[in-house]
Amino acid sequence: MAKRSHVLRGGVFAVVGGLMLTACTSLVADIEVAPDATDPLCAEAMVAMPEEIAGHERRRTDSQSTAAWGEPAAAVFRCGVQSPGPTTDECIGANGVDWVAREEGTNWRITTYGRDPAMEVLFDGERVSSSSVMVDVGNAVKRIPADGGCTDPSDTEVVPGEADLDEIPEGVAPQQSEPVE
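Computed from a predicted model, the values in this text were never measured in an experiment.

## What about the nonpolar core?
Ranked by internal contacts, the top residues of the largest apolar core, which has 25 residues, are M49, W69, F77, W99, I110, V121 and V137. Where this core is concerned, the elements lending two or more residues are α2 (40-46), β4 (66-69), β5 (75-81), β7 (97-104), β9 (118-124) and α3 (130-141). Counting residues per element, this core draws most heavily on α3, at five residues. In this structure W69 touches M49, P50, E51, E52, I53, H56, E57, R58, A74, A75, F77 and V137, once residues within four positions along its chain are discounted.

## Some points on the pairing of strand β6 (residues 90-94)
Successive side chains on a regular strand alternate, one facing one side of the sheet and the next facing the other. Strand direction decides the pairing type here: β6 and β7, joined by five bridges, are antiparallel. Residue pairing for β7: C91 is matched across the bridge by V100.

## Structural notes on the pattern of salt bridges
Under the definition given, this model contains five salt bridges. With a shortest N-O distance of 3.4 Å, R59 and E71 are connected by a salt bridge. Placement of R59 in strand β3 (residues 56-61) and of E71 in the loop between β4 and β5 is noted, with a sequence separation of 12 residues between them. Close ionic contact of E120 with R78 constitutes a salt bridge, the shortest N to O distance being 2.8 Å. One end of the pair, E120, is in strand β9; the other, R78, is in strand β5, and 42 residues separate them in sequence. Grouping residues by exposure puts E120 and R78 together as buried. Counted as one network, the salt bridges with shared partners bring together R78, E104, R109 and E120.

Rules used in this analysis
- Residues numbered from 1 in each chain as written.
- Predicted model: local features only at pLDDT ≥ 70, side-chain atom pairs only at ≥ 80, totals over all residues.
- Heavy atoms only, no water.
- Core = buried A, V, L, I, M, F, W, Y, C linked by side-chain atoms within 4.5 Å.
- Buried < 20%, exposed > 50% of the residue type's maximum accessible area, 1.4 Å probe, protein only.
- Helix = DSSP H or I, 4+ residues; strand = E, 2+ residues; numbered from the N terminus.
- Contact = heavy atoms within 4.5 Å.
- Pairing = 2+ DSSP bridges.
- Salt bridge = Lys/Arg side-chain N within 4 Å of Asp/Glu carboxyl O.

Structure follows, in structure tokens:
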């Protein structure tokens, strides 16, 4: 019986010690909660979030299905954002996850493509690279199954009845290219 209480006390100290360590990191407050943040699949992704992205340590947040790294935050993750529809924005594949990338000043926003609920990471492009972000959160993102992804425009087919863009309309002369020296 004495051995059992010793084990329980050790477990309590471990939990209290863990809480004290967590309390040392500052809180990232007021991250806007995504519309579908309560989706159970977001919980699956959140338990696999990395403790570090490109050398920036993970910090606590006060919003559901969010994560942040760095002081001040260099990257902020949200799960449950609106899935992007077909787009002409740049679509990048990294380690089995497709992302739509949008530049926003010095920041970048990457949003998963072909996963529902969608996830996004807003990050400071001067402090962390997009490849680091995509690779570091990729395993967590893969917890949500893909049901689509990026397509290569060269893989698309012309639908019968639509104009063939390779044909030159009558009366329009083809553009001459300048010789390269």
